[in-house]
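Below, each chain spelled out in residue letters.
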Amino acid sequence: MQINENLIRSVVEQVLSEVRGKQAVASSSAAPSSAASNSATTSSLAMGRFGLFSNADDAVRSARTAFEQLRERPIADRKKIIDHIRRISIENCVELGTMEMEETKIGRLEHKIAKLKTLGERTPGVEFLKTECFSGDYGLAVIEHAPFGVIGAITPVTHSLPTITGNAVSMIAGGNAVVVNPHPSGRKVAAEGVRRFNQAIHADLGIDNLISLICEPTLETAQQLFKHRSVALICVTGGPAVARAALNSGKRAVVAGPGNPPVVVDETADLDHAARCIIQGAAYDNNLLCIAEKEVFVVGSVFDAMMSAMERAGAVRLIASEIDRLTQAALQVVGEGADKHYGAKKELLGQDAVKLAAAAGRTIDPKVELVFGETTSDHPFVQTEQMMPFVPFVRCRDFDEAVRLAQQAEHGYRHTSIIHSRNVRNMTKMGRLMDTTLFVKNGPCMASLGLGGEGYLSFSIAGPTGEGVTTPLTFTRERRCSLIEDLHVLGGISHL
Ligand code: NAD
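Each value, and the rule that gives it
- Residues numbered from 1 in each chain as written.
- Predicted model: local features only at pLDDT ≥ 70, side-chain atom pairs only at ≥ 80, totals over all residues.
- Heavy atoms only, no water.
- Helix = DSSP H or I, 4+ residues; strand = E, 2+ residues; numbered from the N terminus.
- Rg over C-alpha atoms; globule rule 2.2 N^0.38 Å.
- Buried < 20%, exposed > 50% of the residue type's maximum accessible area, 1.4 Å probe, protein only.
- Contact = heavy atoms within 4.5 Å.
- Areas by Shrake-Rupley, 256 points an atom, 1.4 Å probe, with all protein chains shown as cover.
- Lys, Arg positive; Asp, Glu negative; His and termini not counted.
- Charge placed at Lys NZ, Arg CZ, Asp CG, Glu CD.
- Pairing = 2+ DSSP bridges.
- Axes fitted to C-alpha atoms, helices over the stretch in contact; angles between N-to-C directions.
- Near = heavy atom within 4 Å.
- Polar contact = N/O pair within 3.5 Å; in protein donor to acceptor, adjacent residues only side chain to side chain.
- Nonpolar A, V, L, I, M, F, W, Y, C, P; charged D, E, K, R; others polar.
- Domains from an automatic or database assignment.
- pLDDT = per-residue confidence, 0-100.
- Buried area = accessible area lost by both parts, 1.4 Å probe.
- Salt bridge = Lys/Arg side-chain N within 4 Å of Asp/Glu carboxyl O.
- Core = buried A, V, L, I, M, F, W, Y, C linked by side-chain atoms within 4.5 Å.
- Expected span 1.5 Å × (residues − 1).
- Parallel < 35°, antiparallel > 145°, perpendicular 65-115°, else oblique.
- Left-handed = near helix turned anticlockwise from the far one by under 90°.

An account of the overall build of the chain is needed here, citing residue identities and associated values.
Secondary structure assignment for the chain yields 17 helices and 20 strands. The C-alpha atoms of the chain give 25 Å as radius of gyration, which agrees with the globular expectation for 496 residues (23 Å, within 12%). Along the first, second and third principal axes, the C-alpha atoms of the chain reach 90 × 70 × 45 Å. Burial analysis of the chain (496 residues in total) assigns 54% to the buried set. Partitioning the contacts of the chain with sequence separation of at least 6, the portion at a separation of at least 24 is 74%. Accessible surface, the chain: about 22,000 Å² in total, of which carbon and sulfur atoms supply 53%. Here the chain contributes 52 positive and 55 negative side-chain charges, whose respective centroids are spaced 2 Å apart.

If you had to explain unusual backbone geometry to someone new, which residues and values would you point to?
The phi torsion at N286 lies on the positive side, around 55 degrees, for a residue other than glycine. The topology assignment puts N286 in the loop between α11 (271–283) and β10 (295–299). Note on N286: relative accessible area 1%, which makes it buried. Of note, M387 is a non-glycine position whose phi angle comes to about 50 degrees, a positive value.

Explain the sheet that holds strand β2 (residues 132–136) residue by residue, including any values.
What the three strands build is an open sheet, ordered β2-β3-β20; its pairing is antiparallel. Looking along the sheet, the strands with just one partner apiece sit at the ends: β2 and β20 (476–484). Strand-to-strand, the axes of this sheet are offset by a mean angle of 15 degrees, without reference to chain direction.

Can you explain the site of the ligand? Please cite residues and give values.
For the ligand, the set of nearby residues contains 28 residues, the closest of which are T155, G239, G257, E385 and I461. G238 is positioned such that a nitrogen or oxygen atom in its backbone is 3.4 Å from an oxygen atom of the ligand. Here a nitrogen atom of the ligand sits 3.1 Å away from a polar atom, N or O, in the side chain of H415. In isolation the ligand has 840 Å² of accessible area, and contact with the protein removes 86% of it. Secondary-structure elements contributing two or more residues to the shell around the ligand are α9 (219–227) and α10 (240–247). By residue number, the principal contributor to the shell around the ligand is α10, which donates three residues. Partitioning the shell around the ligand into residue classes produces 15 nonpolar, twelve polar and one charged. Three or more residues apiece are contributed to the shell around the ligand by two domains, here domain 1 (46–257 + 469–479) and domain 2 (262–454).

I'd like a rundown of the confidence of the model for the chain, residues and numbers included.
The predicted model of the chain averages 92 in pLDDT, with 91% of residues at 70 or higher. Note that pLDDT drops below 50 for residues 1–43; the model gives that stretch 36 contacts with residues more than four away or on any other chain.

Could you give an account of the domain arrangement of the chain, with specific residues and numbers?
If you check the domain split of the chain, you get domain 1 (46–257 + 469–479) and domain 2 (262–454). Centre-to-centre, using C-alpha coordinates, domain 1 lies 31 Å away from domain 2. Contact residues are listed per partner, giving 15 residues for domain 1 and 18 residues for domain 2. With both sides pooled, the region where domain 1 packs onto domain 2 buries about 1,300 Å², and carbon together with sulfur makes up 53% of that total. Ranking the residues of domain 1 by area buried against domain 2 places R108, H111 and V469 at the top, with a combined share of 34%. The partner of D285 in a salt bridge is K115, and the shortest N-O contact between them spans 2.5 Å. Our count for the domain 1 to domain 2 interface comes out at ten residue pairs in polar contact (both at pLDDT 80 or more). Looking at the side of domain 1 that touches domain 2 element by element, the count peaks at six residues for helix α6 (residues 109–122). Considering only residue class, the side of domain 1 that touches domain 2 consists of four nonpolar, six polar and five charged.

For the sheet that holds β10, give the residues involved together with the corresponding values.
Taken in spatial order, the seven strands line up as β11-β14-β15-β10-β9-β16-β17 in an open sheet, and their pairing is parallel. Sheet topology places β11 (316–317) and β17 (438–441) at the edges, where each strand pairs with a single neighbour. Pairing between β10 and strand β15 (residues 390–396): four bridges, direction parallel. What sits directly across from V296, in β15, is F393.

Go over the nonpolar core, please, and point to the residues and values.
Note that soluble globular proteins tend to have their nonpolar side chains buried in a common cluster. Grouped together as the largest cluster of nonpolar side chains are 66 residues, with contacts concentrated most on I85, I172, I211 and L213. In terms of residue count, helix α8 (residues 187–205) provides more of this core than any other element does, eight residues in total. Residue contacts for L213: discarding those within four places in its chain leaves G51, L52, F53, I164, V180, P182, R187, A190, A191 and V194. Judged by nonpolar contacts, the second largest core, of 54 residues, contains I279, V299, M446 and F459.

Residues and numbers for helix α7 (residues 160–173), please.
Spanning 14 residues, α7 covers 20 Å between terminal C-alpha atoms, matching the ideal 20 Å at 1.5 Å per step. Judged by how many residues are buried, α7 sits mostly within the fold: 14 of 14 residues are covered.

How would you explain the pattern of salt bridges if you had to name every residue and give the values?
In total, this model carries 27 salt bridges according to the counting rule given. With a shortest N-O distance of 3.3 Å, D77 and R73 are connected by a salt bridge. By relative accessible area, which is 11% here, D77 ends up buried. Residue class for R73 comes out partly exposed when judged on its relative accessible area of 29%.

Before we move on, can you summarise the packing of α11 against helix α12 (residues 303–312) with the specific residues and values?
The packing of two helices is summarised by the inter-axis angle and the distance between the axes. Here α11 crosses α12 at 55 degrees, and the two axes come no closer than 8 Å. With respect to each other, α11 and α12 are oriented oblique. For α11 against α12, the interelement crossing comes out right-handed. Together, L271, D272, A274, A275, I278 and I279 of α11 and A305, M306, A309, M310 and R312 of α12 make up the contact between the two elements. Here the contact of α11 with α12 is composed, by residue class, of nine nonpolar, no polar and two charged.

So, in structure tokens, the structure goes:
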């Protein structure tokens, strides 16, 4: 048998490249001994590979190349890519969640881990894409959902890698590439996650930089993304300043902005159930969720019973002088002129209830998840998106007053509101008046994202621009393909 040297060389090269690929995948999913050892891995990596870039221009250019490669591939390859992101999020959730906790120092470790796992499992992928069809006497029209190209994403410190994970799944399912400008205080875990995703994708499909990241993000690099000619769409997840910046960018934007979700409890509610739900939602990740219960308005006739129900469910009630001390320690006036308002102080934002209680002058069991207490409706804790596990309760004359005060506290964000009631008229009235993107009845806030309720999951809920809970379809353009006269098979055939 004649041996073809070139053939052997090419087979050896192919095998070696497969082995290297498998090693890369294995090392990306193996858990090194500590989260710290991994950040060292990230810092020692060369820029310009596996999605890590030092500037916006290089990141966008490389993501554009990745997008063009993805465009040539079947939808089945998008699914393979998403499966790698899912696998890494699930298998590495403990390690990456620990890194996120160590870097950001806000929230709760068990929830950092749970968020990565849940997003890996539950974010909708290519199965969410659908095609519509019109068939009639004039032929056939098919509506398909095409990608935008490169999407610029801005992500928050409250869920740094989880938001990137959810955005990447949705955006790649829609056929796009993404460049992320993460929050500076969550950039290391963002870079580590992105590196692992890209490494696995590259090893399997040969496409690198589909999820690119600016490793030293600043407001300037965010602006560069907003203005970049090769960025077709931006998606921001964050507070009022970035929401405004995106809306003023001159580029099409999907804006997942701030909230200050109020809860109304009326006299027909199951108070013990309501208390358990409020604790579950408001204590999750120390109240960092934008959808989390931030203040509660209770009708007067059941106010005292509701406070007792909260204590029965495990929350600790602070008295007025303790709330005063906590307010001094936790909130401060920020902004100037007409923009003057209260904001959470960094030292207590996203900290455990035991730490808030200590700031209020009280020692409590470290296992307590939430502290709460009675305030007036104009209290800064009611009006501020405080993102900490203290929830103010406001005594209201009746249901109408409770909804009116809830509307004021929501500040027109139209983000999330919650009711505990068995009165469908009250539910309907509040739903209409609040007009929020998410309206939850008789459950914790997360039930509205498919976690204990119906529907699907995303960590980017676009209120201001109206897309709602984002999906792969949010990141697609509609394209119509029309065939005139033919392929409509129901009509008569005399003209054929
Ligand atoms: P943040 O607004 O401080 O930062 C969010 C991101 O925007 C960061 O990457 C930050 O660097 C960037 N940024 C801030 N100002 C900017 C500007 N002027 N121009 C360009 N970029 C800018 O918010 P955060 O503390 O990281 O996250 C918490 C906020 O995000 C809360 O208000 C919360 O409600 C909101 N949020 C909303 C959703 C949603 O789905 N609607 C989800 C998560 C968080």
